[in-house]
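# Observations on chain architecture
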Amino acid sequence: MLQPELVSLEPWAPHPTAAPLTERSGDTLAIAANGTRTCVGGWQAEFDGTRPRKAYRITWEVRFQDLDYERDSLRCKAFWGEMSPDDATVRSNDIPAWDYLIPQRIAEDKLRFTRVLLAPKGAKQLTLRCSFRWSTKGESLWQMPTVEQVDKPDSHRPVKVAVVTGKADARRGLISTIQDNIDYYVPLVEAACETGVDLVVLPEIALQWQVQGSPIDLAVDLPGVETEIFAEIARKHSNFILLGLIERDGDAVHNTAALLGPDGEVEGRYHKVHLAVGGESESGILPGNGFPMFDTVIGRIGCNICMDSSAAESSRMVGLSGADFLLLPIMGDHRASLWSPGSPLFSEDRWKAIMRTRAMDNQLCMVVARNYGPGSCIIDRKGEILAWNEGDRDHIIATIELEDGYRTWNSGCFREVNWMQRRPHIYESYVDEENKGSLLSGVY
């Protein structure tokens, strides 16, 4: 393989007064604070010999000391084009793409920034920048960066997803037992599977919905006789099925989303963390205590259930786990109804706003299965609604491109920006158990 060649190495800074102190000694590049709070800059290395659509492993290591927050202060980016050393602005007409290198801690005082990146169409040059910023003290010592062509990583194939609910009010007055629900859903799931889908998502407590009685009495085993028919369908079609149910777990019961795999086994189970107010939270159901991520052959899958959607932390935790999909079995959302006492009404506009925001904020695909049918949807990480059920269809289907190539107007990947912009050390209130938000402001 023809390897890229380093052709230029020089300091960069957006303004002379912001420039940090830089010095080169052999293969070591030093960057230190200049004593001002505007300090930002570093070194940039230009490589020739990169070719479009070829994969390159980029690595840049650094030792540091006396920094308050190295996550804030140290950064590396790859620009697929030429950058002026006195400019921090990315001009999308000159740079077809730019990407973050991802930091990995390899010692208490040492980070390795690395990434395997695919050179975009039109890329003629690669400019790497290491940065020191936002600190009035400290220094960093960077080794020379390396860029090597490697075999292109295996790509993820598109994933075909179905949300199965049945038509609105199709079973009104027809359901009185768990078996009634099984009989209702099985042919609908079979019909969706016949289209060759990789994943089927069913609504919240699909097995027990509209069945009268205490959840303590209605709970079933997982796996169990009530779930076996769905396991058989997953085996038959070699796909995944997310089944909502009230699960018996020894002396406890949970509102559960169970992921059945192509072998019919339970590949994962999620227990609803935020139980619905007005009944469920005092029903005897035990809430879950985490947001597991299921790493499958079709992608990384996380779940929320209904009331979880009201807490932004729920989808954020799934996003932070690296999920490609957030599966959301849900009956309704109180924010998408009346904001005054009375019979609930469905606000399509607010519902879409909630679901689209969750997808964009966490850069994943939302798959929403609503018991009543209307509002069920599949949304990509741009917030585009790929499939929507008005209640007139038994199921909806969409194909998700995990390697979608989406970039924003300035050639950056928002998935990278979304996670690399975070500054967790200033989010203490987010996990403060004594914080009650706006309830602290007075009496209403």
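Scroll up a little and you will see the structure.
So, here's what we can say about the structure. Predicted, not measured: the structure shown is a model, and the values here were computed from it.

Here we take up helix α6 (residues 348–362). In this model, α6 (15 residues) spans 21 Å end to end at C-alpha, consistent with the 21 Å of a helix rising 1.5 Å per residue. Each element contacted by the buried residues of α6 is listed here: α5 (312–320), β20 (325–330), β21 (365–370), β22 (377–379), β23 (385–388) and α7 (414–420). Of the residues trailing α6, glutamine 363 is marked for its positive phi of about 50°.

With 45 residues, the main nonpolar core has Phe325, Leu327, Met355, Met366, Val367 and Ile378 as its most contacted residues. Formed by 31 residues, the second largest nonpolar core is a distinct cluster that contains Ala97, Phe113, Ala119 and Met144.

Attention now goes to the state of the cysteines. Note on terminology: disulfide describes a covalent bond linking the sulfur atoms of two cysteines. A full pass over the atoms with the stated rule returns 0 disulfides. Here cysteine 303 stays unpaired: no disulfide links it, and the sulfur of cysteine 365, its closest cysteine neighbor, is 13 Å away. Cysteine 306 takes part in no disulfide bond, and the closest cysteine sulfur to it belongs to cysteine 377, at a distance of 13 Å.

Once that is clear, we can look at the sheet that holds β21. One key point about sheets: their strands pair by backbone hydrogen bonds, in either a parallel or an antiparallel sense. With mixed pairing, the 6 strands of this open sheet are ordered in space as β18-β19-β20-β21-β22-β23. At either end of the open sheet lies a strand with only one pairing partner, and these are β18 (293–296) and β23. Here the strands of the sheet are splayed against their neighbours by 15° on average, with no regard to which way each runs.

Attention now goes to the packing of helix α2 (residues 178–193) against helix α4 (residues 225–237). It is the contact of α2 with α4, at a shortest axis distance of 10 Å, that shows an interaxial angle of 5°. Classified by the angle between their axes, α2 and α4 sit roughly parallel to one another. Along its contact with α2, which presents Ile178, Ile182, Tyr185, Val186, Val189, Glu190 and Cys193, the element α4 presents Glu226, Ile229, Phe230, Ile233, Lys236 and His237. Split into classes, the residues belonging to the contact of α2 with α4 amount to 9 nonpolar, 1 polar and 3 charged.

With mixed pairing, 6 strands are arranged side by side in an open sheet as β17-β16-β15-β14-β13-β24. The sheet is open, and its two borders are formed by β17 (266–271) and β24 (395–400), each paired with just one other strand. Averaged over all neighbouring strand pairs, the angle between strand axes comes to 30°, with direction disregarded. Relative to strand β16 (residues 252–260), strand β15 (residues 240–249) is paired through 9 bridges, and the arrangement is antiparallel. In the sheet register, isoleucine 246 faces β16, and the bridge partner there is asparagine 255. Lying on the sheet, α2 is in contact with β13 (159–164), β14 (199–201), β15 and β24; it crosses β13 at an angle near 155°. Together, β15 and β16 form the strand contacts of α4, whose direction differs from that of β15 by roughly 160°.

Rules used in this analysis
Residues numbered from 1 in each chain as written. Predicted model: local features only at pLDDT ≥ 70, side-chain atom pairs only at ≥ 80, totals over all residues. Heavy atoms only, no water. Helix = DSSP H or I, 4+ residues; strand = E, 2+ residues; numbered from the N terminus. Expected span 1.5 Å × (residues − 1). Contact = heavy atoms within 4.5 Å. Core = buried A, V, L, I, M, F, W, Y, C linked by side-chain atoms within 4.5 Å. Buried < 20%, exposed > 50% of the residue type's maximum accessible area, 1.4 Å probe, protein only. Disulfide = S-S within 2.5 Å. Pairing = 2+ DSSP bridges. Axes fitted to C-alpha atoms, helices over the stretch in contact; angles between N-to-C directions. Parallel < 35°, antiparallel > 145°, perpendicular 65-115°, else oblique. Nonpolar A, V, L, I, M, F, W, Y, C, P; charged D, E, K, R; others polar.

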